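Remarks on the overall topology
Chain by chain, the residues:
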Amino acid sequence: MHSRNMRRKNAAASPDADATAATSNSTSALTESGSNRSSNKSSTSRRRFSSICAGLLLVYVFQRNRSASILESSSSNSSNSAKERKKANAGKLVYGTNKHFASTAANVAQAIRVGGYHHIATAGRHANYNETACGEGWTQAVLLSSSSSDNAGRSTRGTATSREDLFLQTMFVADNNPDFDKSWKPLPRDNTDSSGATATATKSGSMTIAQQVQSSVQSSLRNLQTSYLDAVLYHNLKSKLDPYDKVLEAWRELERLVDRGIIRYLGITNIHDLGYLKRLYKDARIKPTIIQNRFHSNRQFNVPLRAFIQERQIAWQAFWILTGNGGVVSGKVAQELARKNGITPQQYIFAFVLSLGATPMIGSKSAKHLQEDMDIAMRFDSGAADGKDAGATPVEPQPLLLIGGDADRQRFAQALGNADLVAI
(Lines give C-alpha, C1' and ligand atoms only; values in the text may rest on other atoms or scores of the structure.)
Protein backbone atom coordinates (compact mmCIF):
# COMPACT_ATOMS: atom_id res chain seq x y z
CA MET A 1 0.00 0.00 0.00
CA HIS A 2 6.94 -5.19 -7.26
CA SER A 3 8.75 -7.28 -8.69
CA ARG A 4 7.93 -6.36 -12.29
CA ASN A 5 10.91 -4.00 -12.67
CA MET A 6 13.26 -6.56 -14.17
CA ARG A 7 10.57 -7.89 -16.51
CA ARG A 8 9.70 -4.39 -17.62
CA LYS A 9 13.39 -3.61 -18.14
CA ASN A 10 13.78 -6.67 -20.33
CA ALA A 11 10.57 -5.87 -22.18
CA ALA A 12 11.76 -2.33 -22.76
CA ALA A 13 15.06 -3.60 -24.14
CA SER A 14 13.39 -6.26 -26.28
CA PRO A 15 12.13 -4.06 -29.16
CA ASP A 16 15.62 -2.68 -29.90
CA ALA A 17 17.27 -6.05 -29.69
CA ASP A 18 14.66 -7.72 -31.91
CA ALA A 19 14.69 -4.87 -34.36
CA THR A 20 18.51 -4.87 -34.61
CA ALA A 21 18.56 -8.59 -35.23
CA ALA A 22 15.73 -8.34 -37.73
CA THR A 23 17.43 -5.47 -39.56
CA SER A 24 20.74 -7.32 -39.67
CA ASN A 25 19.13 -10.50 -41.01
CA SER A 26 17.07 -8.58 -43.50
CA THR A 27 20.06 -6.64 -44.78
CA SER A 28 22.12 -9.82 -45.12
CA ALA A 29 19.33 -11.59 -46.99
CA LEU A 30 18.80 -8.68 -49.34
CA THR A 31 22.55 -8.43 -50.07
CA GLU A 32 22.68 -12.12 -50.91
CA SER A 33 19.63 -11.77 -53.15
CA GLY A 34 21.16 -8.76 -54.83
CA SER A 35 24.22 -10.73 -55.90
CA ASN A 36 22.00 -13.01 -58.01
CA ARG A 37 20.31 -10.19 -59.84
CA SER A 38 21.41 -8.72 -63.08
CA SER A 39 24.44 -6.46 -62.94
CA ASN A 40 22.49 -3.46 -64.25
CA LYS A 41 20.75 -3.12 -60.77
CA SER A 42 22.50 -0.25 -59.02
CA SER A 43 23.79 -0.57 -55.46
CA THR A 44 21.78 2.56 -54.62
CA SER A 45 18.51 0.80 -55.44
CA ARG A 46 19.51 -2.19 -53.34
CA ARG A 47 20.32 0.02 -50.35
CA ARG A 48 17.01 1.89 -50.73
CA PHE A 49 15.01 -1.33 -50.89
CA SER A 50 16.94 -2.73 -47.93
CA SER A 51 16.19 0.38 -45.88
CA ILE A 52 12.48 0.15 -46.69
CA CYS A 53 12.31 -3.49 -45.61
CA ALA A 54 14.27 -2.78 -42.45
CA GLY A 55 11.91 0.08 -41.66
CA LEU A 56 8.87 -2.13 -42.12
CA LEU A 57 10.41 -4.73 -39.83
CA LEU A 58 11.06 -2.07 -37.21
CA VAL A 59 7.42 -0.97 -37.36
CA TYR A 60 6.25 -4.57 -37.04
CA VAL A 61 8.52 -5.28 -34.06
CA PHE A 62 7.48 -2.01 -32.38
CA GLN A 63 3.76 -2.74 -32.80
CA ARG A 64 4.19 -6.30 -31.60
CA ASN A 65 5.98 -5.23 -28.44
CA ARG A 66 3.60 -2.33 -27.94
CA SER A 67 0.67 -4.76 -28.02
CA ALA A 68 2.43 -6.97 -25.50
CA SER A 69 3.09 -3.94 -23.32
CA ILE A 70 -0.57 -2.90 -23.47
CA LEU A 71 -1.68 -6.39 -22.49
CA GLU A 72 0.76 -6.42 -19.59
CA SER A 73 -0.39 -2.95 -18.54
CA SER A 74 -4.03 -4.03 -18.75
CA SER A 75 -3.29 -7.04 -16.59
CA SER A 76 -1.43 -4.85 -14.12
CA ASN A 77 -4.28 -2.35 -14.01
CA SER A 78 -6.78 -5.14 -13.36
CA SER A 79 -4.61 -6.36 -10.52
CA ASN A 80 -4.29 -2.86 -9.12
CA SER A 81 -8.06 -2.35 -9.37
CA ALA A 82 -8.61 -5.55 -7.44
CA LYS A 83 -6.18 -4.38 -4.78
CA GLU A 84 -7.86 -0.98 -4.57
CA ARG A 85 -11.30 -2.58 -4.27
CA LYS A 86 -9.96 -4.79 -1.50
CA LYS A 87 -8.70 -1.64 0.21
CA ALA A 88 -12.18 -0.13 0.03
CA ASN A 89 -13.76 -3.27 1.43
CA ALA A 90 -11.16 -4.24 4.00
CA GLY A 91 -11.13 -1.29 6.39
CA LYS A 92 -11.68 -2.91 9.78
CA LEU A 93 -12.77 0.32 11.46
CA VAL A 94 -13.96 3.65 10.10
CA TYR A 95 -13.58 6.84 12.11
CA GLY A 96 -16.78 8.84 11.71
CA THR A 97 -17.09 12.54 12.53
CA ASN A 98 -20.84 13.05 12.86
CA LYS A 99 -21.63 15.89 15.32
CA HIS A 100 -18.00 16.53 16.22
CA PHE A 101 -18.42 20.11 15.06
CA ALA A 102 -15.67 22.42 16.47
CA SER A 103 -13.63 19.50 17.85
CA THR A 104 -13.50 17.70 14.48
CA ALA A 105 -9.92 18.63 13.58
CA ALA A 106 -8.49 17.64 16.96
CA ASN A 107 -10.49 14.39 17.05
CA VAL A 108 -9.45 13.35 13.53
CA ALA A 109 -5.79 14.08 14.27
CA GLN A 110 -6.04 12.04 17.48
CA ALA A 111 -7.77 9.14 15.74
CA ILE A 112 -5.01 8.97 13.13
CA ARG A 113 -1.99 9.51 15.37
CA VAL A 114 -3.09 7.85 18.61
CA GLY A 115 -5.73 5.38 17.46
CA GLY A 116 -4.05 4.32 14.21
CA TYR A 117 -7.19 4.92 12.12
CA HIS A 118 -6.65 5.22 8.37
CA HIS A 119 -10.25 5.35 7.14
CA ILE A 120 -11.88 8.72 7.89
CA ALA A 121 -15.53 9.48 7.10
CA THR A 122 -17.12 12.92 6.80
CA ALA A 123 -19.80 14.61 4.69
CA GLY A 124 -20.13 17.63 2.46
CA ARG A 125 -23.12 19.99 2.71
CA HIS A 126 -24.32 18.16 5.83
CA ALA A 127 -25.46 20.15 8.88
CA ASN A 128 -23.90 17.66 11.34
CA TYR A 129 -20.42 17.53 9.80
CA ASN A 130 -17.46 19.90 9.63
CA GLU A 131 -15.74 18.74 6.45
CA THR A 132 -13.24 21.60 6.42
CA ALA A 133 -12.05 20.74 9.92
CA CYS A 134 -11.73 17.09 8.88
CA GLY A 135 -9.28 18.22 6.20
CA GLU A 136 -7.38 20.24 8.76
CA GLY A 137 -7.26 17.25 11.11
CA TRP A 138 -5.79 14.73 8.70
CA THR A 139 -3.22 17.17 7.29
CA GLN A 140 -2.13 18.09 10.81
CA ALA A 141 -1.79 14.42 11.77
CA VAL A 142 0.23 13.54 8.67
CA LEU A 143 2.49 16.56 9.08
CA LEU A 144 3.23 15.72 12.71
CA SER A 145 3.72 12.01 11.98
CA SER A 146 6.11 12.62 9.11
CA SER A 147 8.19 15.35 10.75
CA SER A 148 8.06 14.83 14.52
CA SER A 149 10.55 12.71 16.42
CA ASP A 150 8.16 12.55 19.36
CA ASN A 151 6.53 9.13 19.28
CA ALA A 152 4.86 9.38 22.66
CA GLY A 153 1.28 8.18 22.53
CA ARG A 154 1.43 7.24 18.86
CA SER A 155 -0.35 4.15 17.60
CA THR A 156 1.66 0.97 17.13
CA ARG A 157 -0.51 0.11 14.13
CA GLY A 158 1.40 2.42 11.82
CA THR A 159 0.43 6.07 11.78
CA ALA A 160 -0.35 7.59 8.40
CA THR A 161 2.50 9.75 7.10
CA SER A 162 1.01 10.75 3.74
CA ARG A 163 -2.31 11.28 1.99
CA GLU A 164 -1.90 7.92 0.25
CA ASP A 165 -1.94 6.15 3.63
CA LEU A 166 -5.49 7.37 4.27
CA PHE A 167 -8.92 6.51 2.92
CA LEU A 168 -10.92 9.75 2.85
CA GLN A 169 -14.66 9.24 2.47
CA THR A 170 -17.36 11.88 2.17
CA MET A 171 -21.07 12.08 1.31
CA PHE A 172 -23.16 13.96 -1.20
CA VAL A 173 -26.28 15.50 0.37
CA ALA A 174 -28.99 16.78 -1.99
CA ASP A 175 -30.37 20.23 -1.22
CA ASN A 176 -33.86 18.96 -0.37
CA ASN A 177 -32.53 16.49 2.21
CA PRO A 178 -33.39 17.61 5.77
CA ASP A 179 -29.73 17.03 6.70
CA PHE A 180 -28.62 19.60 4.11
CA ASP A 181 -26.62 22.48 5.57
CA LYS A 182 -28.70 25.52 4.63
CA SER A 183 -25.76 27.85 5.32
CA TRP A 184 -23.72 26.18 2.59
CA LYS A 185 -22.95 28.35 -0.44
CA PRO A 186 -21.36 27.07 -3.65
CA LEU A 187 -18.69 28.93 -5.58
CA PRO A 188 -19.90 29.95 -9.07
CA ARG A 189 -17.13 28.04 -10.80
CA ASP A 190 -18.31 24.80 -9.18
CA ASN A 191 -21.79 24.92 -10.69
CA THR A 192 -20.94 23.39 -14.06
CA ASP A 193 -21.94 19.78 -14.61
CA SER A 194 -20.26 17.33 -17.00
CA SER A 195 -22.50 18.48 -19.88
CA GLY A 196 -21.19 22.02 -19.53
CA ALA A 197 -24.45 23.46 -18.17
CA THR A 198 -23.91 26.11 -15.51
CA ALA A 199 -26.33 27.33 -12.86
CA THR A 200 -27.03 31.05 -13.09
CA ALA A 201 -27.39 31.57 -9.33
CA THR A 202 -25.06 30.82 -6.45
CA LYS A 203 -27.59 29.07 -4.25
CA SER A 204 -27.98 25.33 -4.38
CA GLY A 205 -31.76 25.38 -4.88
CA SER A 206 -31.38 26.67 -8.42
CA MET A 207 -29.10 23.82 -9.54
CA THR A 208 -29.91 20.53 -11.20
CA ILE A 209 -28.98 17.39 -9.29
CA ALA A 210 -25.95 16.94 -11.57
CA GLN A 211 -24.78 20.48 -10.83
CA GLN A 212 -25.29 19.87 -7.12
CA VAL A 213 -23.05 16.79 -7.35
CA GLN A 214 -20.33 18.70 -9.17
CA SER A 215 -20.48 21.62 -6.76
CA SER A 216 -20.48 19.37 -3.71
CA VAL A 217 -17.52 17.28 -4.91
CA GLN A 218 -15.46 20.35 -5.82
CA SER A 219 -16.21 21.78 -2.39
CA SER A 220 -15.19 18.49 -0.72
CA LEU A 221 -11.88 18.47 -2.58
CA ARG A 222 -11.10 21.95 -1.24
CA ASN A 223 -12.33 21.21 2.27
CA LEU A 224 -10.37 17.97 2.54
CA GLN A 225 -7.26 19.44 0.88
CA THR A 226 -6.94 16.60 -1.60
CA SER A 227 -6.91 16.07 -5.35
CA TYR A 228 -9.07 12.95 -5.18
CA LEU A 229 -11.69 11.36 -2.94
CA ASP A 230 -11.44 7.70 -2.04
CA ALA A 231 -15.22 7.36 -1.77
CA VAL A 232 -18.37 9.44 -2.13
CA LEU A 233 -21.65 8.10 -0.76
CA TYR A 234 -25.09 9.29 -1.82
CA HIS A 235 -26.84 10.23 1.43
CA ASN A 236 -30.43 9.24 2.18
CA LEU A 237 -32.18 10.46 5.31
CA LYS A 238 -32.62 7.58 7.77
CA SER A 239 -35.09 5.09 6.26
CA LYS A 240 -36.54 7.52 3.71
CA LEU A 241 -35.05 6.81 0.30
CA ASP A 242 -34.85 9.57 -2.28
CA PRO A 243 -36.80 9.00 -5.53
CA TYR A 244 -34.96 6.46 -7.62
CA ASP A 245 -34.74 8.59 -10.77
CA LYS A 246 -33.13 11.39 -8.78
CA VAL A 247 -30.59 9.05 -7.20
CA LEU A 248 -29.73 7.53 -10.57
CA GLU A 249 -29.24 10.96 -12.16
CA ALA A 250 -26.86 11.92 -9.36
CA TRP A 251 -25.15 8.54 -9.68
CA ARG A 252 -24.49 9.13 -13.38
CA GLU A 253 -22.70 12.37 -12.53
CA LEU A 254 -20.71 10.61 -9.83
CA GLU A 255 -19.74 7.92 -12.35
CA ARG A 256 -18.34 10.60 -14.66
CA LEU A 257 -16.21 11.87 -11.79
CA VAL A 258 -14.94 8.33 -11.23
CA ASP A 259 -14.03 8.19 -14.92
CA ARG A 260 -11.98 11.36 -14.46
CA GLY A 261 -10.11 9.94 -11.48
CA ILE A 262 -11.58 12.44 -9.02
CA ILE A 263 -13.48 9.73 -7.09
CA ARG A 264 -12.42 6.11 -6.64
CA TYR A 265 -15.50 4.42 -5.20
CA LEU A 266 -19.21 5.07 -4.88
CA GLY A 267 -21.65 4.08 -2.18
CA ILE A 268 -25.02 4.90 -0.65
CA THR A 269 -26.30 5.42 2.89
CA ASN A 270 -29.44 4.32 4.74
CA ILE A 271 -30.55 1.84 2.12
CA HIS A 272 -32.59 -0.94 3.70
CA ASP A 273 -34.79 -1.82 0.72
CA LEU A 274 -33.31 -4.86 -1.04
CA GLY A 275 -35.33 -4.26 -4.22
CA TYR A 276 -34.09 -0.67 -4.42
CA LEU A 277 -30.47 -1.75 -3.93
CA LYS A 278 -30.78 -4.51 -6.54
CA ARG A 279 -32.22 -2.03 -9.03
CA LEU A 280 -29.41 0.47 -8.44
CA TYR A 281 -26.79 -2.27 -8.68
CA LYS A 282 -28.26 -3.43 -11.98
CA ASP A 283 -28.57 0.04 -13.53
CA ALA A 284 -25.28 1.47 -12.28
CA ARG A 285 -22.35 1.35 -14.67
CA ILE A 286 -20.00 1.78 -11.71
CA LYS A 287 -21.41 -0.44 -9.00
CA PRO A 288 -21.80 0.63 -5.38
CA THR A 289 -18.82 -0.54 -3.34
CA ILE A 290 -20.07 0.63 0.06
CA ILE A 291 -23.38 0.77 1.86
CA GLN A 292 -23.59 2.59 5.18
CA ASN A 293 -26.49 1.43 7.34
CA ARG A 294 -27.65 1.78 10.91
CA PHE A 295 -27.05 -1.26 13.14
CA HIS A 296 -30.36 -1.41 14.94
CA SER A 297 -33.43 -3.58 15.38
CA ASN A 298 -35.67 -1.09 13.57
CA ARG A 299 -33.53 -1.70 10.48
CA GLN A 300 -33.44 -5.47 11.08
CA PHE A 301 -29.66 -5.21 11.57
CA ASN A 302 -29.27 -5.32 7.78
CA VAL A 303 -30.30 -9.01 7.69
CA PRO A 304 -32.44 -8.72 4.48
CA LEU A 305 -29.48 -7.28 2.54
CA ARG A 306 -26.60 -9.33 3.87
CA ALA A 307 -26.67 -12.25 1.43
CA PHE A 308 -26.84 -9.88 -1.54
CA ILE A 309 -23.99 -7.63 -0.42
CA GLN A 310 -21.81 -10.55 0.61
CA GLU A 311 -22.20 -12.20 -2.80
CA ARG A 312 -21.18 -8.95 -4.50
CA GLN A 313 -18.45 -8.04 -2.01
CA ILE A 314 -20.09 -4.74 -1.09
CA ALA A 315 -18.65 -3.29 2.11
CA TRP A 316 -21.18 -2.76 4.90
CA GLN A 317 -20.33 0.13 7.20
CA ALA A 318 -22.38 -0.18 10.38
CA PHE A 319 -23.08 2.88 12.51
CA TRP A 320 -25.14 3.68 15.65
CA ILE A 321 -23.74 0.51 17.21
CA LEU A 322 -23.35 1.74 20.79
CA THR A 323 -25.93 4.52 20.74
CA GLY A 324 -28.66 2.35 19.25
CA ASN A 325 -27.95 -0.71 21.38
CA GLY A 326 -26.96 0.83 24.70
CA GLY A 327 -29.46 -1.22 26.67
CA VAL A 328 -28.03 -4.47 25.35
CA VAL A 329 -24.42 -3.38 25.84
CA SER A 330 -25.08 -2.52 29.48
CA GLY A 331 -27.23 -5.61 29.98
CA LYS A 332 -26.50 -8.90 31.73
CA VAL A 333 -25.71 -10.99 28.61
CA ALA A 334 -23.17 -8.54 27.19
CA GLN A 335 -21.54 -8.10 30.58
CA GLU A 336 -21.17 -11.86 31.08
CA LEU A 337 -19.85 -12.54 27.58
CA ALA A 338 -17.39 -9.66 27.77
CA ARG A 339 -16.08 -10.78 31.15
CA LYS A 340 -15.77 -14.37 29.91
CA ASN A 341 -13.65 -13.23 26.95
CA GLY A 342 -11.57 -10.67 28.81
CA ILE A 343 -12.82 -7.60 26.97
CA THR A 344 -15.25 -4.76 27.62
CA PRO A 345 -18.93 -4.96 26.60
CA GLN A 346 -18.26 -2.20 24.06
CA GLN A 347 -15.40 -4.20 22.57
CA TYR A 348 -17.62 -7.26 22.53
CA ILE A 349 -20.32 -5.68 20.38
CA PHE A 350 -17.72 -4.29 17.98
CA ALA A 351 -16.15 -7.75 17.69
CA PHE A 352 -19.63 -9.20 17.14
CA VAL A 353 -20.27 -6.72 14.30
CA LEU A 354 -16.91 -7.60 12.76
CA SER A 355 -17.87 -11.29 12.93
CA LEU A 356 -20.87 -10.48 10.72
CA GLY A 357 -18.55 -9.18 8.01
CA ALA A 358 -19.37 -5.53 8.71
CA THR A 359 -17.11 -2.55 9.32
CA PRO A 360 -17.94 -0.71 12.55
CA MET A 361 -17.95 3.08 12.45
CA ILE A 362 -16.30 4.54 15.54
CA GLY A 363 -16.94 8.10 16.67
CA SER A 364 -15.26 8.17 20.07
CA LYS A 365 -13.46 11.29 21.26
CA SER A 366 -11.53 9.33 23.91
CA ALA A 367 -7.97 8.25 23.10
CA LYS A 368 -8.38 5.27 25.43
CA HIS A 369 -11.54 4.06 23.73
CA LEU A 370 -10.07 4.60 20.27
CA GLN A 371 -7.13 2.39 21.17
CA GLU A 372 -9.34 -0.27 22.77
CA ASP A 373 -11.54 -0.47 19.69
CA MET A 374 -8.58 -0.59 17.30
CA ASP A 375 -7.02 -3.31 19.43
CA ILE A 376 -10.09 -5.47 18.90
CA ALA A 377 -9.99 -4.86 15.15
CA MET A 378 -6.30 -5.72 14.94
CA ARG A 379 -6.73 -8.88 16.97
CA PHE A 380 -9.74 -9.84 14.89
CA ASP A 381 -7.80 -9.29 11.67
CA SER A 382 -4.58 -11.01 12.69
CA GLY A 383 -5.93 -13.88 14.73
CA ALA A 384 -3.99 -12.64 17.75
CA ALA A 385 -6.82 -13.44 20.14
CA ASP A 386 -4.72 -16.13 21.78
CA GLY A 387 -2.60 -13.48 23.46
CA LYS A 388 0.17 -13.36 20.87
CA ASP A 389 1.74 -10.04 19.95
CA ALA A 390 -0.61 -8.26 17.53
CA GLY A 391 2.45 -7.01 15.64
CA ALA A 392 3.67 -10.54 14.91
CA THR A 393 3.29 -12.25 11.57
CA PRO A 394 -0.48 -12.66 11.00
CA VAL A 395 -1.89 -16.15 11.21
CA GLU A 396 -5.17 -17.52 9.98
CA PRO A 397 -7.84 -15.29 11.56
CA GLN A 398 -9.74 -16.87 14.43
CA PRO A 399 -12.26 -14.11 15.13
CA LEU A 400 -14.70 -16.26 17.06
CA LEU A 401 -12.10 -16.70 19.79
CA LEU A 402 -12.67 -13.03 20.62
CA ILE A 403 -16.35 -13.52 21.37
CA GLY A 404 -16.57 -17.11 22.56
CA GLY A 405 -17.59 -18.96 19.41
CA ASP A 406 -20.94 -19.59 17.74
CA ALA A 407 -22.87 -20.42 20.88
CA ASP A 408 -22.02 -17.09 22.47
CA ARG A 409 -22.70 -15.25 19.23
CA GLN A 410 -26.15 -16.79 19.06
CA ARG A 411 -26.81 -15.82 22.65
CA PHE A 412 -25.79 -12.23 21.95
CA ALA A 413 -27.89 -12.09 18.77
CA GLN A 414 -30.90 -13.17 20.80
CA ALA A 415 -30.15 -10.42 23.32
CA LEU A 416 -30.20 -7.95 20.44
CA GLY A 417 -33.58 -9.34 19.45
CA ASN A 418 -32.69 -10.94 16.11
CA ALA A 419 -31.49 -14.55 16.14
CA ASP A 420 -31.20 -14.46 12.33
CA LEU A 421 -28.10 -12.28 12.67
CA VAL A 422 -25.85 -15.33 13.00
CA ALA A 423 -27.82 -17.57 10.64
CA ILE A 424 -26.33 -16.03 7.49
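Attention in this report is confined to the structure presented alongside it.

Definitions and cut-offs
Residues numbered from 1 in each chain as written. Predicted model: local features only at pLDDT ≥ 70, side-chain atom pairs only at ≥ 80, totals over all residues. Heavy atoms only, no water. Helix = DSSP H or I, 4+ residues; strand = E, 2+ residues; numbered from the N terminus. Buried < 20%, exposed > 50% of the residue type's maximum accessible area, 1.4 Å probe, protein only. Areas by Shrake-Rupley, 256 points an atom, 1.4 Å probe, with all protein chains shown as cover. Contact = heavy atoms within 4.5 Å. Phe/Tyr/Trp six-rings, centres within 6.5 Å; stacked < 30°, edge-to-face > 60°. Arc of directions from axis to C-beta. Polar contact = N/O pair within 3.5 Å; in protein donor to acceptor, adjacent residues only side chain to side chain. Salt bridge = Lys/Arg side-chain N within 4 Å of Asp/Glu carboxyl O. Pairing = 2+ DSSP bridges. Right-handed = clockwise from strand over helix to strand, strands pointing away.

With respect to the overall build of the chain
Within the chain, the secondary structure is distributed over 14 helices and 8 strands. Out of the 424 residues in the chain, the part that is buried amounts to 47%. Carbon and sulfur atoms provide 51% of the accessible area of the chain, an area that totals close to 20,600 Å².

With respect to the environment of Asp245
Along the chain, Asp245 falls in helix 6 (residues 244-259). Taking the relative accessible area as the measure of exposure, Asp245 reaches 57% and is therefore exposed. Asp245 sits 35 residues away from Leu280 along the chain, and the two C-alpha atoms are 10.0 Å apart.

Some remarks on unusual backbone geometry
Phi at Phe301 is positive, roughly 55°, even though this residue is not glycine. Summarising the element assignment, Phe301 is placed in the loop between strand 6 (290-294) and helix 8 (303-311). On the accessibility criterion, Phe301 (1% relative accessible area) is buried.

Concerning the environment of Cys134
If you trace the backbone, Cys134 turns up in helix 4 (residues 131-147). Given a relative accessible area of 1%, Cys134 falls into the buried group. C-alpha separation for the pair Cys134 and Thr104, spaced 30 residues apart in sequence, amounts to 5.9 Å. Those residues within four positions of Cys134 in sequence are excluded, and the remaining contacts are Thr104, Val108, Ile120, Thr122 and Leu224.

Regarding the packing of aromatic side chains
Geometrically, a pair of aromatic rings is defined through the distance of the ring centres and the angle of the planes. A complete count under the given rule lists 10 aromatic pairs for this structure. Their ring planes at 55° and their centres at 5.7 Å tell us that Phe172 and Tyr234 sit as a pair that is tilted. A residue pair is termed long-range when its members are at least 10 positions apart, and Phe172 in strand 3 (residues 167-172) and Tyr234 in strand 4 (residues 229-234) qualify at 62 residues. Take Phe172 and Tyr234: they sit in the same class, and that class is buried. For the ring pair Tyr244 and Tyr276, a centre distance of 5.5 Å and an interplane angle of 80° mean the geometry is edge-to-face.

Overview of helix 7 (residues 274-283)
Where helix 7 is concerned, the buried positions are Tyr276, Leu277, Leu280 and Tyr281. In an axial view of helix 7, the angular spread of the buried residues amounts to 130°, which keeps them on one side of the axis. Buried positions along helix 7 lie against helix 6, strand 5 (263-269), strand 6 and helix 8. The residue sitting at the N-terminus of helix 7 and contributing the capping side-chain oxygen is Asp273; that oxygen lies 2.9 Å from the backbone nitrogen of Gly275.

Examining the pattern of salt bridges
Should the charged atoms of two oppositely charged side chains come close, the side chains can pair. Tallied over the full model, the rule gives 12 salt bridges. In this structure, the salt-bridge partner of Lys246 is Asp242, at a minimum N-O distance of 3.8 Å. Among the residues examined, Asp242 registers a relative accessible area of 12% and is labelled buried. Across the pair Asp375 and Arg379 runs a salt bridge, and its minimum N-O distance is 3.6 Å. Linking Asp375 with Arg379, this pair stays in helix 12 (residues 367-382), spanning 4 residues, or about one helical turn.

Considering the pairing of strand 5
Walk down a regular strand and you will see the side chains alternate between the two sheet faces. A large share of strand 5 lies buried, amounting to 6 of its 7 residues. As paired elements, strand 4 and strand 5 share 5 bridges and run parallel to each other. Looking at strand 5, one finds that Tyr234 is bridged to Ile268. For the crossover from strand 4 across helix 6 to strand 5, the handedness is right-handed. Bridging between strand 5 and strand 6 involves 3 bridges; their strand directions are parallel. Bridge pairing in strand 6 links Thr269 to Gln292. Of the crossover connections in this fold, the one passing from strand 5 over helix 7 to the parallel strand 6 is right-handed.

Just distances and angles here, no functional claims.
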